[in-house]
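A look at the structure
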Amino acid sequence: MRLRLAPALLIVASLSSAATGAGAASPAAPVPNEAAIHLVNHRAVYDLSLARSEGTRSVESVRGRIVIDFSGDACRGFTMQTRQVTMLDSSESGNRTSDLRNSTFESGDGASFRFRTATFLNNVPSAAIDGTAEAGSEALKVKLKEPKRAEFQSGGEVMFPVRHMLRLLKAAKAGETTVSAKVFDGSDDGRKVYDTLAVIGRASAAPAADTERDKPLREGDLAGMRRWPVTLSYFTAGEGERTPIYTLTFDLYENGVSGRLNLDYGDFAISGNLTQLDLTKDKGKGDAKSDADCRR
């Protein structure tokens, strides 16, 4: 059983409650006609615990941690380093520890992407995934270096994780309630393009009701910052009715940082409590710079 955290969220630590949850009932904050999106540079630490377990693959307990380091801007591009260690206790499969280490770089225009992933299961390494990708208006082109050299293409418009997150923030600010997109994040074997559907709830700037989790988000400017409840589902590419591979719910804050993480794998779900958030000074302005600004 392999656990994954969708890199779309990893990039901005975006995570939390479903659109029909408490956030949806909060008074909507005013949405400006135009607002520059600034993905703040940060380091976030989430402690993991079991939120729900049912079905045939019962899990008794979950412990672990996700650490995300995100930096960059539209001129320099965006770099993210993520490590997720998860320890599962199950009467069916025994105790398992997975260690996922992921490094990515995405160009500021969202056209190119570099990715490398190393995975360990009970301290035994799996084959590393290493490659590059180029996104055009009509096709995605991927070149893999590891585990063996290969190339493949996928038709249609495909977004990389940062560009996808910026699209979600733009939609939220514009009052849109759903966003469908094809996303490539280099995960699994580096060959998968996912269909995604995001459902975005009403904005709120009211203080978080739950005072026992995500304490860094209830301090300073973040305490009154606008946020949107988002449910993001990932599907295997295809047509017709499909069940999500997994679903992420989270409160997406205006600067790209989020809280109230929940990762739903079907038979069980994991909760992520933001215990540490370090905001670093950055020279760029996220997605606000134009091509002319970057050439100066």
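Residues numbered from 1 in each chain as written. Predicted model: local features only at pLDDT ≥ 70, side-chain atom pairs only at ≥ 80, totals over all residues. Heavy atoms only, no water.

1. Describing the packing of aromatic side chains
Counted only if it meets this: Between the rings of Phe, Tyr and Trp (Trp by its six-membered ring), a pair exists once the centres lie within 6.5 Å; its type follows the angle of the planes, with under 30 degrees stacked, over 60 edge-to-face, and the other angles tilted.
Following the criterion strictly, the structure yields ten aromatic pairs and no others. Every member of this aromatic cluster is reached through a ring pair, and the members are Y194, Y234, Y246, Y265 and F268.

2. Concerning the confidence of the model for the chain
Basically, it comes down to this: Residue-level confidence of the predictor, termed pLDDT, takes values from 0 up to 100. Helix and strand definitions here come from DSSP, where helices need a minimum of 4 consecutive H or I residues and strands a minimum of 2 consecutive E residues; each element is numbered from the N-terminal end. In what follows, residue pairs with any heavy atoms lying within 4.5 Å of each other are defined as contacts.
Per-residue pLDDT for the chain has a mean of 83; in total, 79% of the residues score no lower than 70. Averaged pLDDT values for the elements of the chain fall to 38 in helix α1 (residues 7-10) and rise to 97 in strand β7 (residues 129-135). A low-confidence stretch, residues 6-35 (pLDDT under 50), is modelled with 97 contacts involving residues beyond four sequence positions or located in other chains.

3. With respect to the pattern of salt bridges
Using the following cut-off: Should a side-chain nitrogen of Lys or Arg be within 4 Å of a carboxyl oxygen of Asp or Glu, the pair is scored as a salt bridge.
Following the criterion strictly, the structure yields 16 salt bridges and no others. R83 serves as the salt-bridge partner of D99, at 2.6 Å between the closest nitrogen and oxygen. Of this pair, D99 sits in strand β4 (residues 94-106) while R83 sits in strand β3 (residues 77-90); the two residues are 16 residues apart in sequence, bridging distant segments of the chain. A cluster of three or more residues bridged by salt bridges with shared partners is formed by R52, E54 and D264.

4. A word on the pairing of strand β12 (residues 227-236)
Counted only if it meets this: Each residue's exposure class comes from its accessible area (1.4 Å probe, protein chains only) as a fraction of the maximum for that residue type: buried when under 20%, exposed when over 50%, partly exposed otherwise. Strands pair, by our definition, only if DSSP identifies at least two bridges between them.
When you tally the buried positions in β12, you get nine out of ten residues, the bulk of the element. Here strand β11 (residues 194-200) pairs with β12 via seven bridges, running antiparallel. Of the residues in β12, the one forming a bridge with L197 is S233. Sheet topology note: the β12/strand β13 (residues 246-253) ladder contains eight bridges and is antiparallel. Directly across from R227, in β13, lies its bridge partner Y253.

5. A closer look at unusual backbone geometry
Across the junction of E146 and P147, the peptide omega takes the value 5 degrees, indicating a cis bond. Note that P147 resides in the loop between β8 (139-146) and β9 (150-155). Look at N123: it is not a glycine, yet its phi comes out positive at around 70 degrees. On the secondary structure map, N123 appears in the loop between β5 (112-121) and β6 (124-125). Overall, N123 belongs to the exposed group, its relative accessible area being 73%. At D188, a residue that is not glycine, the phi angle is positive and equals roughly 55 degrees. Note that D188 resides in the loop between β10 (178-183) and β11.

6. Regarding the environment of L168
Inspection of the secondary structure puts L168 in helix α2 (residues 161-174). Not counting residues within four places of it along the chain, the set of residues in contact with L168 comprises V179, A198, I200 and L252.

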